[in-house]
Structures are given as structure tokens and as C-alpha cells.
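Reading the structure
Take a look at the letters that make up each chain.
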Amino acid sequence: MRRIVSSPMLRRGLAAIALLIVSVFLIDMLSDYRQSQVSSVAYLAIAAGGLSVLIGLNGQLSLGHGAFMAIGAYTVAKMLQDGKEAPMLVLLVAAVIVTALVGAIVAVAAARLQGPYVAGATLALAVAVPALAVHFRDALGGEPGLRVSSPDVPTSIDDALFFLTGTETGTSQWLATVSVACLVVTFLLLRNLSQSRVGRQWRAVRDDPVAAQLAGINLGRSRIVCFIVSAACAGLAGGLMAMVTRVAAPSGFTLILSLTLLMAVVLGGLGTLTGALIGAALLTLLPTYVTNAGSSLGLSDLQSAELAPLVLGLTTIAVVLLAPAGLVGSIAPALRRLRTPSTDTSVTTTITRGEQS
Amino acid sequence: MSRNHLRAALAASTAAVVLAGCGAGGRDASSGGDSEGGDTTGVTDTTISVGTHQPLTGVAAPGYSEINTGMKAYFDYVNEAGGIHGRKLELTVKDDGYNPTNTSKVVDELVLKDNVFAILGGLGTPTHTAVVDFLNKEEVPDLFVSSGAQLWGNDPEARPWTFGWQPDYEIEGKIMGQWIKENKPNAKVGLFLQGDELGGDGEKGLRQYVDDQIVERVEYASGNTDIGPQISKLKASGADLVVGFNTPSYTALSQLTSMKLGYDPTWIYTNVGSDPKLAGELLSTFSKGKVKGGGALDGAMTTEYIPGVGEESPWVDLWEKVWKEQGGKGELTNYRVYGMSQAYLFASALQASGKDLTRERIVDVIEKDAKNWPGPNLAPFRYSADSHLGISGMRMAEIKGLKTTPLTDVLVTDIGDAEITKDETDVAAVAPPKDGLPDVEVLK
Amino acid sequence: MQLINTLLGGFSVGMIYAAFALALVLIWQSTRIVNFAQAPMAMITTFIALKVIESGASYWIGFTVALVAGLVLGALVERLVIRYVDHDNHINPVILTLGLFIVLHALAAIVFGSSFRSFPAAFDLTGIKVGGETLALTPFSIFTILVVVAVMAALRLLFMKTDLGLTMRATAFNREVASVLGVKVNRALTLGWALAALVGSLSGLLIAGGGLVHPAYMDGVVVYGFVAAVLGGLDSPAGAVVGGLVMGIVLALVSGYLGSGLVPLAALIVLVVVLLVRPGGLFSTTKERTV
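Residue positions are given per chain, counting from 1 as you read along its sequence in written order. Key to labels: chains lettered from A, ligands numbered from 1, both in the order written. At least 70 in pLDDT is required for a residue's local features to be given in this predicted model, at least 80 for side-chain atom pairs to be given and counted, and no such filter applies to totals for whole chains, interfaces and linings, which use all residues. Excluded from the side-chain calculations are hydrogens and water; all other atoms, namely the structure's heavy atoms, are used.

**Remarks on the overall build of chain C**
Using the following cut-off: Only runs of H or I of at least four residues qualify as helices and only runs of E of at least two qualify as strands under DSSP, and these elements are numbered from the N terminus. Only C-alpha atoms enter the radius of gyration, while the globule expectation follows 2.2 Å times N to the 0.38, with N the number of residues. Burial status follows relative accessibility: with a 1.4 Å probe on protein chains alone, a residue under 20% of its type maximum counts as buried, one over 50% as exposed, and anything between as partly exposed. Note on contacts: a residue pair is in contact if any heavy atoms of the two residues lie within 4.5 Å. The positive count covers Lys and Arg only, the negative count covers Asp and Glu only, and His and the chain ends enter neither. We put the charge of a Lys on NZ, of an Arg on CZ, of an Asp on CG and of a Glu on CD.
Helix and strand counts for chain C stand at 11 helices and four strands. Whereas a compact globule of 291 residues would reach a radius of gyration of roughly 19 Å, chain C reaches 19 Å, a difference of no more than 12%. Counting only C-alpha atoms, chain C reaches 65 × 50 × 35 Å along its principal axes. Per-residue burial for chain C yields a buried fraction of 58% across its 291 residues. Pairs at least 24 residues apart make up 74% of the contacts formed inside chain C by residues separated by at least 6 positions. Counting 15 positive and 11 negative side-chain charges, chain C places the averaged centre of each group 6 Å from the other.

**Section: the overall build of chain B**
Using the following cut-off: Accessible areas in this description were obtained via Shrake-Rupley with a 1.4 Å probe; residue shielding takes into account the shown protein chains only.
Within chain B one finds 14 helices and 14 strands. Looking at chain B residue by residue over its 444 residues, the buried ones come to 61%. Taking contacts inside chain B between residues at least 6 apart in sequence as the whole, the part at least 24 apart equals 73%. Accessible surface, chain B as shown: approximately 16200 Å² in total, 49% of it carbon and sulfur.

**Things to note about the packing of helix α3 (residues 32-58) of chain A against helix α4 (residues 100-113) of chain B**
For the record, the criterion: To get an axis, fit a line to the C-alpha atoms, keeping to the stretch in contact for a helix; angles then go from 0 to 180 degrees between the N-to-C directions.
Close contact between α3 of chain A and α4 of chain B brings their axes to 8 Å; oriented N to C, the two are set at 145°. Along its contact with α3 of chain A, which presents D32, Y33 and S36 of chain A, the element α4 of chain B presents D108, E109, L112 and K113 of chain B.

**Overview of the sheet that holds strand β1 (residues 47-54) of chain B**
Residue and element names in this part refer to chain B. What counts, and what does not: Strands qualify as paired when DSSP identifies two bridges or more between them.
With parallel pairing, the five strands of this open sheet are ordered in space as β2-β1-β3-β4-β5. The open sheet is flanked by β2 (88-95) and β5 (162-164), the only strands paired with a single partner. On average, each strand axis in the sheet is tilted by 20° relative to the strand beside it, whichever way the strands run. As defined by bridge partners, strand β4 (residues 142-145) adjoins β5 across two bridges and the pair is classed as parallel.

**Description of the interface of chain A and chain C**
One frequent convention defines the size of an interface as the accessible area lost when the parts assemble. Applicable threshold: Reported buried area values correspond to the accessible surface (1.4 Å probe) lost by two parts on association, with both partners' losses combined. Any carboxyl oxygen of Asp or Glu within 4 Å of a side-chain nitrogen of Lys or Arg constitutes a salt bridge here. Think of a polar contact as two N or O atoms within 3.5 Å of one another; within protein, one of them needs to be a possible hydrogen donor and the other a possible acceptor, and neighboring residues in sequence only count if both atoms come from side chains.
If you look at the interface, chain A gives 47 residues, while chain C gives 43 residues. In total, about 4000 Å² of surface goes out of reach between chain A and chain C, with carbon and sulfur atoms giving 83% of it. Taken together, the links from chain A to chain C amount to zero salt bridges. Between chain A and chain C we count zero residue pairs in polar contact (both at pLDDT 80 or more) in total.

**Looking at the nonpolar core**
Operational definition: Definition used in this section: a nonpolar core is a set of buried Ala, Val, Leu, Ile, Met, Phe, Trp, Tyr and Cys residues joined via side-chain atoms within 4.5 Å.
One finds L63, M69, L240 and M243 of chain A together with F36 and F119 of chain C to be the most contacted residues of the largest nonpolar core, which totals 199 residues. Excluding residues that lie within four positions of it along the chain, M69 of chain A makes contacts with Y43, L44, A47, A234, A237, G238, M241, F253, L257 and L261 of chain A. Within the second largest apolar cluster, 87 residues are counted, among which are L91, F144, W165 and I306 of chain B.

**Some remarks on α3 of chain A**
All names here are of chain A. Rule in force here: The length a helix should cover is 1.5 Å for every residue beyond the first.
For α3, with 27 residues, the first-to-last C-alpha span of 38 Å sits near the 39 Å given by 1.5 Å per residue. Among the 27 residues of α3, 24 are classified as buried, and the element is accordingly described as predominantly covered. Phi turns positive, to about 75°, at G59, one or two residues after α3.

**Here's the deal with the pairing of strand β7 (residues 214-220) of chain B**
Residues and elements named next belong to chain B. Inclusion rule: The handedness of a crossover follows from its direction of travel: if, with the strands pointing away from the viewer, the path from the first strand over the helix to the second runs clockwise, the crossover is right-handed.
Examined bridge by bridge, strand β6 (residues 189-194) and β7 share six bridges and lie parallel to one another. Across the sheet, the residue bridging to G190 is E216, located in β7. Regarding the hand of the β-α-β motif, the stretch spanning β6, helix α8 (residues 197-210) and β7 is right-handed.

**Some thoughts on the domain arrangement of chain B**
Residue and element names in this part refer to chain B. Selection criterion: An automatic or database domain assignment supplies the start and end points of every domain. Think of it as three bins: nonpolar holds Ala, Val, Leu, Ile, Met, Phe, Trp, Tyr, Cys and Pro, charged holds Asp, Glu, Lys and Arg, and polar takes everything else, Gly as well.
Taken as a whole, chain B is organised into domain 1 (47-167 + 309-392) and domain 2 (170-304). A C-alpha centroid distance of 27 Å is found between domain 1 and domain 2. In this complex, domain 1 contributes 21 residues to the contact, which on the side of domain 2 involves 19 residues. In this assembly, domain 1 packs against domain 2 so that about 1600 Å² is buried in total across both faces, 52% of it on carbon and sulfur atoms. Linking domain 1 to domain 2 there are zero salt bridges. Inspection of the domain 1/domain 2 interface yields four residue pairs in polar contact (both at pLDDT 80 or more). Elements that contribute at least two residues to the side of domain 1 that touches domain 2 include exactly α2 (61-64), α5 (125-129) and α13 (334-353). In terms of residues, the side of domain 1 that touches domain 2 owes the most to one element, α2, which gives three residues. Each residue belonging to the side of domain 1 that touches domain 2 can be placed in one class, and the counts come to 10 nonpolar, eight polar and three charged.

**Notes on the packing of aromatic side chains**
Under the convention used in this document: Here a pair means two rings of Phe, Tyr or Trp (six-membered ring of Trp) with centres within 6.5 Å. Their orientation is stacked below 30 degrees between planes, edge-to-face above 60, and tilted elsewhere.
Considering all chains together, one arrives at 28 aromatic pairs over all chains under this definition. An aromatic cluster of three or more residues is present, and its members are Y74, Y77, W315, W319 and Y344 of chain B.

**Re the confidence of the model for chain C**
Residues and elements named next belong to chain C. Spelled out, the test is: The predictor rates its confidence in each residue with pLDDT, a number between 0 and 100.
Chain-level pLDDT for chain C is 82 on average; 92% of the residues reach the 70-or-more range. Element-level pLDDT for chain C is lowest in strand β3 (residues 133-134), with a mean of 66, against a maximum mean of 90 in helix α2 (residues 38-54). This model gives residues 287-291 a pLDDT under 50, and the stretch forms seven contacts once residues within four places in sequence are excluded. Model confidence for the complex: the whole-complex pTM is 0.84, and ipTM, which rates the interface, is 0.82.

**Things to note about the confidence of the model for chain B**
Across chain B, pLDDT averages 85, with 89% of residues at or above 70. Contacts from residues 18-35 of chain B, a stretch scored under 50 in pLDDT, to residues over four places away or in other chains number 26 contacts.

**A few points about unusual backbone geometry**
Phi is positive for Y98 of chain B, close to 60°, though the residue is something other than glycine. Residue classification places Y98 of chain B among the buried positions, given a relative accessible area of 10%. Despite not being glycine, R32 of chain C shows a phi value in the positive range, around 60°.

**Digging into the environment of S255 of chain C**
Residues and elements named next belong to chain C. For S255, the location among the structural elements is in helix α10 (residues 237-257). Judged by its relative accessible area of 13%, S255 falls in the buried class. C-alpha of S255 to C-alpha of T6: the two residues are 249 residues apart in sequence and 8.9 Å apart in space.

**Section: the packing of helix α3 (residues 59-80) of chain C against helix α8 (residues 185-208) of chain C**
Any two packed helices are characterised by how steeply their axes cross, that is the angle between the axes, and by the distance between the axes. Residue and element names in this part refer to chain C. Keep this limit in mind: By definition in this entry, angles of less than 35 degrees are roughly parallel, angles greater than 145 are roughly antiparallel, angles of 65 to 115 are roughly perpendicular, and the rest are oblique. When the near helix sits turned anticlockwise from the far one by under a right angle, the crossing is termed left-handed; a clockwise turn instead gives a right-handed crossing.
Direction vectors running N to C along α3 and α8 enclose 140°, while the axes themselves pass 7 Å from each other. Classified by the angle between their axes, α3 and α8 sit oblique to one another. Two packed elements cross with a definite hand, and for α3 against α8 that hand is right-handed. Two secondary-structure elements touch here, α3 through F63, A66, L67, G70, L71, G74, A75, V77, E78 and R79 and α8 through N186, L189, T190, W193, A194, L195, A197, L198, S201, L202 and L205. In terms of residue class, the contact of α3 with α8 is built from 14 nonpolar, five polar and two charged.

**A short note on α10 of chain C**
For α10 of chain C, which comprises 21 residues, the first-to-last C-alpha distance of 30 Å matches the rise-based estimate of 30 Å (1.5 Å per residue) to within 8%. Where α10 of chain C is buried, its residues meet α9 (228-237) of chain B together with α1 (2-31), α5 (139-161), α9 (219-232) and α11 (263-277) of chain C. Taken from the residues just after α10 of chain C, G259 of chain C is the one with a positive phi, measuring 125°.

**What to know about the side chain of S172 of chain A**
Residue and element names in this part refer to chain A. Mapped onto the elements of the fold, S172 is located in helix α9 (residues 171-195). Judged by its relative accessible area of 18%, S172 falls in the buried class. Among the polar contacts listed, one links the side chain of S172 to the side chain of D32, at a separation of 3.5 Å. For S172, the residues in contact, after removing those within four places along its chain, are D32, Q35 and S39.

**Remarks on the pairing of β4 of chain B**
By the bridge criterion, two bridges tie strand β3 (residues 118-120) of chain B to β4 of chain B in an arrangement that is parallel. Bridging across to β4 of chain B, L120 of chain B finds its partner in L143 of chain B.

**Points about the pattern of salt bridges**
All names here are of chain B. Counting across every chain of the model gives 20 salt bridges over all chains. A salt bridge links D76 to K72, with the shortest nitrogen-to-oxygen separation between them at 3.5 Å. Here K72 and D76 lie together in helix α3 (residues 67-80), a separation of four residues that amounts to about one turn. Of the residues examined, D76 reaches a relative accessible area of 23% and is grouped as partly exposed.

**Points about a nonpolar patch on the surface**
As a reminder, the rule being used: The residues that make up patches have over 30% relative accessible area and no salt bridge, and they are joined within 9 Å when like-charged or within 5 Å when they are Val, Leu, Ile, Met, Phe, Trp or Tyr.
A surface patch of nonpolar side chains, amounting to about 420 Å² of accessible area, comprises V68, L71, V72, L76 and L80 of chain C. Following the sequence through the fold, L80 of chain C ends up in helix α3.

This is how it looks when you write it as C-alpha cells:
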């Protein structure tokens, strides 16, 4: 036991398994609607996590992650077309691989560009991919998109879950459980990567490319790998999204999606996974609360619906100007300072970098 | 991760369990559950809750966003008179912006969170396609979809809970096609189609009659408002008669773009896109009054299957009365009439279902009896065990100013290669009950 | 004939992209920020114009109001928001302008509504007839071309021949040195943003004329305008104009002959090719970093 607890990676693994088991039970207790909300938070958090790592740890600003989500979604949709069935694992792995391949192509181009140019190129990507779905109407369903039939719960899983929880497993429960499982696994992987040598190289490339190169790090390769990992996360998220929303259509992957994903990541805290989770939760839950608040203030339904992005945008601006490290990046060091009153130079670095140990 | 963090993670999980216990609702308490006869979700002793998804924003909003105000007005009219079998009607309208991803989301809310009894008049072909399977899986009555795709009624075995309402685009295409063949046999026909079933089904119907006359077909993607290339292509092909299966915004855009390119064919627009008042409003702003609001679509043709504003009809008189008493801002428009007509049919179905209202019952009643009920439809419904498709026919009409004048009798047909015949049932002559409330008998 | 019409259409739209790209370049030159929020800023001023016109005023009054609103909006954004961002981190300013993008979008939807409204055109929208054929060139497109050219000429005059222009160029070239030499740097920056927003508003009005407007109608222009600016070189106003025209024509050709769904992809390909072959843009004068 002592050996397990002393190794960070094993500790994380253990925590992950614990979280997974707890989640299965928690999800089972929720209503259908809440379960679909859990799925939504989960897959958005996966995409946000990947984006947070890319921007926060590696310094590449991608505005086109909506496009990668689209690729993942359409992959799953195509595989489930016309009543075809496939095991869940196969679907998700396919979404990840296809998106990673496209991500690799984009990454190679992006690695040679700087700051605003990467932003602009990925912006163009975010607009181009949905338009392609419209153009290739026969294969990709055009504007209406492709219908995705919700996959049935595999009998083995149904039996296993029944054994654990004593209740039947509906589709939304199955999807919520799968989404949360993917989230736990993804975050575990991202965490391990970011704490490893690879992650340290990413940070070095971000902070001082010249020094990194002098230290022998291949800038291009480092950036490309990070980009691909990030894109793969978005692809996984998109695949899950297709199954939860039961449709893969261009209008589901607008520029606004890419931008709000970015906002969420910034708000939570660039480079942190907790921040990504908070951001995803905000994106899913904030609209309902803000819309209700708007209605009680006398705004029409349509106006209230727009309050959510307004609040999100304003908060992001405030965060960028006042607390660039985001919620997690600003609160965590503050909490740490409260706990350890002795001055520590590492605290200062943590504040500006927005990292967690 | 440090030891502290591991402990923290486990503590957090425990906290999450507690929190979830507070927030979770368990299995839906308000789902109503099954009574001995069937599913009474959304029905109480005093209320029936109904949901719909509509494009209140976005490119399809002009015109279509008014439909739900008509539905609501008629519901209020019924509620004012005491409701149906003592139950008042509640309508929840959710905006999907004509965006299938949103439709999926809001229908989830309506069915899983708001626990509505039925979905009424879900609007849009691409949008409703995204949710039709879900609604059938969840066994929610999906009544009178506001779209002419065949998906809503051509396979009652696969989709027993879904019913269409308006004539589908294929029979509209057929009736238009026959009219063109008989009246304009030498015309060079061009097709202006929305890139989905709206365009596709219309084309299928048209080609059954005028395939040899069609010289060009173009498609547009809803949301992309630059249709210059498409209109150029039509012009270059020499088409002098263009049939448009498109939404109202694109009627205005096609007129405007044609004007820009100096192209002046005869236009025939599908009923769902042909409101002259709306097109006129959009066009007169574009051209700063050069194209006057009234005359925007003069000379263009369309089809009609319910009487419209300005026509001599006891139904239109009823709608004017309902709108005056219960309507909100603005005047009665054909889109509001559309919504009222759907609401009237729904109220008739509730009436015929009797006091023991369940989801299964209302579907059964519509399938067996709806074609016998009086309604504003000019041709009978096709509802039966073999088809859940709606109104079986229409007549051609010409647009002049803000009104239409009929060009033919009411013609009926069906999808596939069914023939077109004159309607002999004279459904069009039936008037509404004096008080405007359905008084059909409860089905045994 | 279709080719000529396509090229003509592309030329008119290209001028609008040129104007938008010019706005981006102006801001880049003065503050080294890419203003992704330029599109919704232009959209808002166009909506203000629409409100003015709908309440009875003439098109030209609405036009002028939009331009003035642009000036004011640009100045306000610089003064209240941009000035306080941390410039050293190259990511923060981008996120800032993107946050503005979302905020302005949502504000427009709340204040003006999300429905698609038609926007009038100042001049006739019927194509000009030449020898019996109708060209895809309307009096309105001619107006568009002339106005953009006039604005560019006016800006060039401002920058090259006036003291104010000199001040702004100095600030853009080296802020610290200019400040030391007594230039009122802050005022120059505000003015730079105000002028850029004015040009942006103009492009918004021209795109809207004779078409449908709604809160997202300018979003495509952000991408195409940005590619146009990069194509010509973010440091070069002349490059912005050339870039805009090239984009307009190329995209019109793609739309007409290959399909409108491929247009954004074409823009992406153009962008990537230019950035990989000539990272500074066609007219660049600065050397790119070789790390």
C-alpha cells in the first residue's frame, strides 16, 4: 500500500478508479434529464481539457476545436448510419484516430506559425469543416446533418450494472456513464503527460523557444504532439456528443462553439484540468440559470437566451484583464498562500503560470 | 498527485455523493406513470401540457416564428370557454433556431424535464428529422409535424407515434407538375430547391409529370444567403418557369437576386414559402420601396390547402374572431392561420378521446377517426393504419397583391404513382361549429 | 458570360474584404493586436443604422450615423478595454478580442433581436445592361468600389501628409521612442482604433446593402478579411487592399464553379499556403522569426 501511495502515477490511477466507481452509483440515482446534462458536461470537459493543455501548457492558440469535435462526431455518425451497429469502444477509438490524423495535418502547419497566425488559421478551419459537411451533401448529410441512433446498452454491461446498482440501465444512463468514464481516463492521461518529461518540454517550448531549442528540444515535434493530443480529445468529445444529441449537423459546430469553448477554458484557468471541468460545467449549466434570471428580470425568452453568452464574454474579458490565470489559477495559489504562510518563491511562479503541482 | 491530493479527491467524491443526493431527482416523480389504461404523462385533471419546437430565430424565422402565436391564441380561446373535458391547454414553445442540434436539445428538455403530453407541430424538415426517432422510442405523441416531408407518415409501423398534417411536398410537386403539363406544356422549367427533403420530395413529385420539360435544377443550403450563383445558373439555362421549394426568406432572396440579374421567369412557389405579405415586406425594404409591399409576388403561383387571410370562408371568420379576442401584437397572417388550424385539429382529437386521456388513446383516435372531423382543410386527411400522412390535396392558386385566386379545383392524390383526381368529398365546404369549438363525438 | 459576371461579383465583394482587411491592418500597426471583434463591431453599427433608417430617416443619414458610431465604438473599445491588456502575453489580447466578439454578438441579439432583417441599398440593385446582356454589376456595386477607393485615398492622405498621421505612424513604429519624443501616444492609439472601426463600419454597411442582416452576418468576413490581411502582409495597408481583391475574386470563382460549401476551405488553403511560403505576406517588409 505504501508503495502505491508513494508513486504519483499510481496514486492518480487509484483515485481515478475510485472516482469511476463512485460515478457509476451517482449517475444511477439521477433522472434521465440530469443524466444527459452529466454527459454534456463530461464531453465538453474532455474537449476543454485538451484545449486547456494546448494553450496553457504549450502556448498554441487554437480557435478551431469545434472543427475537431465535428470530425469526431461525423465519424461516429457515419459508423452508425442506416442501422449499422458497432461496439462503443470501437466507435470512440475510431473517432479519436480519425481526428488525430486530421489534427496531425493541421498540427504540422500550425507548428510553423506564430501567435495570431495560428489563431487565424484555426479560425478558418472552424468555419471550413462545417461548410464541407454542407458541400458533400450525399456523404455527410448536408445542412440537416446525419441522424445518430442512440446505441443500445450492451447486455453484458446492463447485467453488470444491474448487479451493482439494482436498477435497469437506460440509454441516457449508459451514455452518461461512458462519458464520465472517458472523462476520467482522458484527464488521467493528460495529467500524466503534463507531469512527465513530455509535459515539461511543452512548457519549455511555450516559455522560451530559443532556450528550449538550445536545450535540444525539437520545437516542431513538441508542438505537433501536443496539438495532436489536444485534437484527439476534441474528437473523442465530438463522438460522444453525436451519441448524446443524436445528430451530427454543421449547425452544431459553429464558430461560436469553438469560441465559447475557449472562453470556458480561459475562465477556468488555462493549463489546468480542474479549470477545464469548471468551464465545461459553466457552459452546460449557466445558460439555464442565466435564462431564468433574465426572464424574471422581464426579458423575453429570446433575449434571456442571449444573456448566457453575454455573461460568459463579459466574465472572460474581466478575467483576462484582472486575473489572467483564470479562476483556478488565481484561487488555487491564494488558497495555498493561506495554508503555508511562509514566503515561497515558487508561489510567484505558480501565479503567473497558472499551474497546479 | 500528492498524498494530500489523493485524500482530497476521495473527500471530494464523498461530498459529490452528498450533493448529488440533494440535487438528483431519482426516477421522474412527475412523470405521471401509467394508469391502467395507458401513459398519462402531461395530463392532470385540470391541465394538458403540450410542447413544440419552432424557429423563433435564425434564417427560417421570418414567417414561421408566427405559427406558435396562432396555436397559442386558439388554445387561449378554448381555455376561455372552459377547456376540453374540463382540462385547460398549456403550450410550451422552445426555440431551436432551425438548427437540428438545438432541436435535439430542446425536445430532450420538453420530454424529459417538462414531461409534456405530446409534441404538437414540431417545425422543420431538417430539424424534426433529428428528433422523430427519439420521440417514437420514448412513445410520445408527435402530432401534426409542421413540414411536408413524407417521413412523418409513410411508415406507421416504424413511427407509430408521428403524424403529418400538411400535404407532403411530393404530392404538391405532382399537382404542380400536372398543372404545368396541362397549362404550360412548352415551358422550360427550372427548379430552385432547398438542399433537403423540402427540395428533394418536391422534385420527385414534379419529375413524375414534367421530367422532359426540366432544363436546370439548383440547390441552396439554408443559412447561406448568397444565391447569386444559383440564380445565374437558372438564367443561363433559359428556364422561363421556375418552381421553388424553399422557405420564405429564400422566396424574397430569389426575387431580389433575379431582379439584380435581370431575370424574369414565371415563378411557382411551394405553399410553405409563398406568403406574399412577408415576401413583400422583406423585398420592399431591400429596394427602398421600389418594389411595393403588395405587388412583390404578383403573377407568381402557389398551392393552397386551407383558406387564407382575406378569403371568403367561415373558417377565416373564426380565425379573425379568435385572433381579435386572444391574439397578441400584429394582425392575423397566414402563418397564424396555419397554427390555429393545427391547434383546432388537436383540440378535436382531445375532444374525441374523451375524459380518459392517455397517449395511446389520442394516437388511436386520430388514426381511426380524424378524417371524419370538420376542419379548415380543403381536402381530407389520409390518416389510417397504413398512413399517417396528412391532407391529401390542394388547389393551384395565383398570387395577386396580398391574396390568392384559385386556378383549379381541389385535387387529391397520394405519394408514389397514385393518380391525381378531383376531390369528391367536398370537405372544403364544411363550416366550423357556431362557437368555434370542436364538437366531435367521443370515439367508442 | 458567367465568367465575367463571376469576376465582377468577386471584384465588388473583394473591395469590401479590402476595407475590412484595412481595418485589421490599421489596428495591427498601431497596437500589434488582431482585432477579431472587428466583425461584430461593424455589425452593431450597421444595426444602429438600420434602426435609424427604420424610424424614418434617409439612407444617407443612417449611413453617416453608422460611420460615426464606428468611430465612437472603436475609441471606446480601445480606451476602456484594450489599453489594459497585458501585451507581453500574446494570447491574452486575442482572447480579449474574442471575448468582445461574443459580448457584442449577444448584445446585438438582445437589443436588436435575432431575426433576419433586410437592409436597404443606396442605389439601384438591377444589373447594368450592356449590349443586351445584364452584367452582375449594379449601381450599388459601383458605389461600393468608389467609396472604398475614396476612403483608402483619404487615409493615405491622412497618414502621409498630415501631422496627425505622422504621430500615428510614429506611435506604431516605436511606442516608447515616440512617447519620449513628446508624442501623445494614448491619443494616437485611440484615434487609430477609432479610424479602423470607421473603416470596418463602412465594410459592414456595404455588405449589408441589399441583403439580409442578422447578428451573425459579418462572421464569415472575419475569416476572409483576416486571410486577406495576412495575404497582403499585416503591416501593409496596400497589401490589405490587394489581398482583399485577390480573396474576393478567388472565392467568387470557387463559389461559382466548385460550390459555395468549399469557399471557407479555399480561404483556409490560401491562408496556409501563404503563411508557409511567405510568412510575412506578399508585401511584407519585416523579417519573420526563424525560431
